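Tertiary structure, described
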Amino acid sequence: MTVIVLSGPIGAGKSSLTSILAKYLGTKPFYESVDNNPVLPLFYADPKKYAFLLQVFFLNTRFRSIKDALTDDNNVLDRSIYEDALFFQMNADIGRATKEEVATYYELLNNMMSELKHMPKKNPDLLVHIKVSYDTMIKRIQKRGRPYEQLSYDATLEDYYKRLLRYYKPWYEKYDYSPKMEIDGDKLDFMTDKQAREVVLDQIVAKLKEMGKLPESWNKSTNIQID
Ligand SMILES: Nc1ncnc2c1ncn2[C@@H]1O[C@H](COP(=O)(O)OP(=O)(O)O)[C@@H](O)[C@H]1O
Ligand SMILES: Nc1nc2c(ncn2[C@H]2C[C@H](O)[C@@H](COP(=O)(O)O)O2)c(=O)[nH]1
């Protein structure tokens, strides 16, 4: 049983790589609720009013996904629950949450995280972080085309996205729930460049082999499930 979680800023390519990886390894993908998330457009229209509600929404869905993933078979999740506090702390730091909301959020988060200790598997096996620059992030957000995420919708999003990138660096450095690895999302266009896709998959497979999560003899054609 192997659980891989993806992390990275908005538009880094987490959902895309989750699909590719799940297909390649023959595992089950878990995706974050975005298109069926009723709070997300409300948040972008009025962040101060909806930051807390959105965070509770995401925390709830992330908790459900990781709980299922940690009790189920081989899974890939397109965003980790460990990034939840990064988002809320950043929003709180820019005045989008009251101190009561911050206190309630952290109490809820700690409560939920302590539940994970009782799961058959307590942590994921591997975190795959996709690192991107601001320019790449914006290009991908434009390519995906959700109206409320565009700079033309709200010019203050430039500062929000740049700030998010600044919060990710120390977050990744500190992350220690599992082994981790970083993918260069600026250089490796794994959506359109077949060679780049192979490089990324090779890097992840090499890491899983190094960790003993895939047999040394594994290659795609053997098409066996990872343990
Ligand atoms: N490495 C990549 N190279 C080129 N385009 C990419 C890459 N990763 C993602 N994309 C494109 O960028 C957009 C955002 O990707 P997505 O997987 O939804 O990001 P995330 O889940 O991290 O928010 C999509 O249109 C996707 O096709
Ligand atoms: N305020 C928060 N916003 C979040 C959080 N997680 C995701 N999001 C937003 C960012 C994007 O607009 C959208 C989807 O994220 P992707 O990275 O999958 O593109 O949802 C959060 O915890 N808080």
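Residues numbered from 1 in each chain as written. Chains lettered and ligands numbered in written order. Predicted model: local features only at pLDDT ≥ 70, side-chain atom pairs only at ≥ 80, totals over all residues. Heavy atoms only, no water.

To keep it simple, the criterion reads: UniProt positions are given in the numbering used here, feature names are shortened, and annotations may be inferred rather than shown by experiment.
An unreviewed UniProt entry annotates the protein chain as Deoxyguanosine kinase of Lactobacillus melliventris. Under the UniProt heading Sequence similarities (unreviewed entry), the note attached to the protein chain is "Belongs to the DCK/DGK family."

1. Comments concerning the UniProt feature "domain: Deoxynucleoside kinase" (unreviewed entry) in the protein chain
Our working definition: The way it works is that DSSP assigns letters per residue, a run of H or I at least four long becomes a helix, a run of E at least two long becomes a strand, and they are numbered from the N terminus.
In the numbering adopted here, UniProt assigns the feature "domain: Deoxynucleoside kinase" (unreviewed entry) to residues 4-204. This span, residues 4-204, is 56% helix and 10% strand, and a straight line between its end C-alpha atoms measures 10 Å.

2. Quick notes on the site of ligand 2
Quick note on the threshold: Neighbouring residues are identified by heavy atoms, a residue being near a molecule or strand if any of them is within 4 Å of it. Pairing of N or O atoms within 3.5 Å defines a polar contact, subject to two protein rules: one partner must be a possible hydrogen donor and the other a possible acceptor, and residues neighboring in sequence count only if both atoms are side-chain atoms. All accessible areas in this document rest on Shrake-Rupley with a 1.4 Å probe, and a residue is counted as covered only by the protein chains that are shown. Gly counts as polar in this scheme, as do all residues outside two lists: the nonpolar Ala, Val, Leu, Ile, Met, Phe, Trp, Tyr, Cys and Pro, and the charged Asp, Glu, Lys and Arg.
Around ligand 2 sit 19 residues in total, of which Lys14, Tyr44, Arg62, Arg79 and Glu149 are the nearest. Residue glutamine 55 places a side-chain N or O atom 2.7 Å away from an oxygen atom belonging to ligand 2. When ligand 2 is considered free in solution it has 490 Å² of accessible area, and contact with the protein chains removes 99% of it. At 4 residues, helix H3 (residues 47-71) tops the list of elements feeding residues into the shell around ligand 2. A breakdown of the residues in the shell around ligand 2 according to their chemical character gives 9 nonpolar, 3 polar and 7 charged.

3. Some remarks on the pattern of salt bridges
For clarity, the cut-off: By definition, a salt bridge exists where a carboxyl oxygen of Asp or Glu is found within 4 Å of a side-chain nitrogen of Lys or Arg.
A full pass over the atoms with the stated rule returns 16 salt bridges. In this structure, the salt-bridge partner of lysine 99 is glutamate 100, at a minimum N-O distance of 3.5 Å.

4. Observations regarding the confidence of the model for the protein chain
Under the convention used in this document: Residue-level confidence of the predictor is summarised by pLDDT, bounded by 0 at the bottom and 100 at the top.
When pLDDT is averaged across the protein chain, the result is 95; 97% of the residues are at 70 or more. Interface scoring of the predicted complex returns ipTM 0.98; its pTM is 0.96.

5. Points about the environment of leucine 151
Put simply, the rule is: Under the scheme applied here, a residue whose accessible area is under 20% of the maximum for its type counts as buried, over 50% as exposed, and between as partly exposed, the area being computed with a 1.4 Å probe on protein chains only. Residue contacts follow a heavy-atom distance rule, with two residues in contact if any of their heavy atoms lie within 4.5 Å.
Structurally, the position occupied by leucine 151 is in the loop between helix H6 (134-144) and helix H7 (157-174). On the basis of relative accessibility, which here comes to 29%, the residue leucine 151 falls in the partly exposed class. In the structure, leucine 151 is positioned 13 residues away from isoleucine 138 in sequence and 8.5 Å away in space, judged by C-alpha atoms. Contacts of leucine 151, omitting those with residues within four sequence positions, involve Tyr134, Ile138, Leu157, Glu158 and Tyr161.

6. Quick notes on the site of ligand 1
In the vicinity of ligand 1, 14 residues are found, and the nearest of them are Lys14, Ser15, Ser16, Arg144 and Asp189. For ligand 1, whose free accessible area comes to 560 Å², the fraction covered by protein is 89%. Listing elements by their share of the shell around ligand 1, those giving two or more residues are helix H1 (14-25) and H6. Tallied by class, residues from the shell around ligand 1 come to 5 nonpolar, 4 polar and 5 charged.

7. What to know about the sheet that holds strand E1 (residues 3-7)
As a reminder of what qualifies: The rule for pairing is simple: two strands pair if DSSP sees at least two bridges between them. Each axis is a line fitted through C-alpha atoms, taken for helices only over the stretch in contact, and angles between the N-to-C directions span 0 to 180 degrees.
One open sheet accounts for 5 strands, arranged E2-E3-E1-E4-E5; its pairing is parallel. What marks the edges here is a single partner per strand, and that holds for strand E2 (28-30) and strand E5 (180-184). Along the sheet, successive strands turn relative to each other by an average axial angle of 20°, direction set aside. Across 3 bridges, the pairing between E1 and strand E3 (residues 75-77) is parallel. Looking at the pairing, valine 3 lines up with asparagine 75 of E3. H1 contacts E1, E2, E3 and strand E4 (126-131) of the sheet and is inclined by roughly 155° relative to E1.

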